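Inside the fold
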Amino acid sequence: MRKKILEIGCGQGFNAYCLSQRDDIVGIDISVEDIAVARKRFPGVDYRVMNMERLEFIDGYFDQIYSLDVLEHVDNLDRVIAEARRVLKPGGKFIINIPYWKSEQWLLKLRPTYFKEIHHVRIFGENSLEELLADKKFSLIRKRKTGFLQHVFQYYMFKRKQSSKTQLGIGHWRDNWKTKSLYVSLMFFDEQLFRTPVRFCPLWIITLPIGFLINLFGNIFFPKSLFYEFRKDV
């Protein structure tokens, strides 16, 4: 049975597109430009311009809500969580990815203007998100540290001096052939490659196990992100 899923802060739509292959997905973002790009790239997916602090859906409509690298940007965090809880069904899942605090501090040292450029307004402490969600009547299902190898690409991007039209100066993997090449090269070490055309190049048979081991140990001490699954309590 297909689930009803909402992705808040869907950006240019790739994750929502992947989710749409097996479930009914709505992707929302406050950026008119990003939604226009998402609609052009993935025309079969329901993308909408919407403020996540005022969700235009009835109570208890969705089975799952995704929030991937979004909550560190929002001004009114309590309001966003309250709206997510409102539109989730009882027992529905709230799936969240946030930057790890050590990674954020390191990136700020590389680029002191980082938070101002991309509107990060908070750093979540080690257990602060699960404590906040527990107060909002969500139960923690799963938590894991992820993305150690992503630091290679981010180091390169954050040390660049030139400006970019994306990420308010930090840049995007599509910017030029160098960033594209580095991004694709690193993808061979990440299981996310199975969501991209890179999966058709069998080199990943060698690189993927290497990437798994590097991330396994790197994520113990210096992950890029924390990934959570919460359940809405009745």
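Quick notes on the rules
- What you see as residue numbers is a count from 1 along each chain, following the sequence as written.
- Only residues with pLDDT of at least 70 are given local features in this predicted model, and only at 80 or more are side-chain atom pairs given and counted; all residues enter the totals for whole chains, interfaces and linings.
- Note that water and hydrogens are dropped before the side-chain values are worked out from all heavy atoms of the structure.
- As used here, the term nonpolar core means buried Ala, Val, Leu, Ile, Met, Phe, Trp, Tyr and Cys residues forming a set that is joined through side-chain atoms within 4.5 Å.
- Buried residues are those whose accessible area, probed at 1.4 Å on protein chains only, stays under 20% of the maximum for their type, while exposed residues exceed 50% and partly exposed ones sit between those limits.
- Labels follow the DSSP assignment, with helices taken as runs of H or I lasting at least four residues and strands as runs of E lasting at least two, numbered in each case from the N terminus.
- Whether two residues are in contact is decided by their heavy atoms, any of which lying within 4.5 Å being enough.
- Criterion for a salt bridge: a side-chain nitrogen of Lys or Arg within 4 Å of a carboxyl oxygen of Asp or Glu.

As for the nonpolar core
Formed by 30 residues in total, the largest nonpolar core has its most connected members in Leu6, Ile28, Leu55, Phe57, Ile65, Phe94 and Leu129. Among the secondary structure elements, those contributing two or more residues to this core are β1 (4-8), β2 (24-29), β4 (62-68), α3 (77-87), β5 (88-99), α6 (128-135) and β7 (225-232). Take this core: its biggest share by element is 5 residues, from α3. Aside from chain neighbours lying at most four places away, what touches Ile65 is Leu6, Ile8, Ala84, Val87, Leu88, Lys93, Phe94 and Ile95. One finds Cys10, Leu19, Ile35 and Tyr66 within the second-largest nonpolar core, a separate group that totals 13 residues.

Some points on the pattern of salt bridges
If charged atoms from side chains of opposite charge come close, those side chains can pair. Taken as a whole, this structure holds 14 salt bridges when the rule is applied. In this structure, Arg2 engages Asp24 in a salt bridge whose closest nitrogen and oxygen atoms are separated by 3.0 Å. Remark: Asp24 occurs in strand β2 and Arg2 occurs in the segment before β1; sequence separation between them is 22 residues. Taking relative accessible area as the criterion, Arg2 reaches 41% and is therefore assigned partly exposed. When its relative accessible area of 39% is taken as the criterion, Asp24 is described as partly exposed. Among the ionic pairs, Asp78 bridges to Lys136, the shortest N-O distance being 3.5 Å. With Asp78 in helix α3 and Lys136 in the loop between α6 and β6 (138-146), this residue pair connects regions lying 58 residues apart in the sequence. Each member of the salt-bridge network shares a partner with another, and the members are Asp59, Arg79, Glu83 and Arg86.

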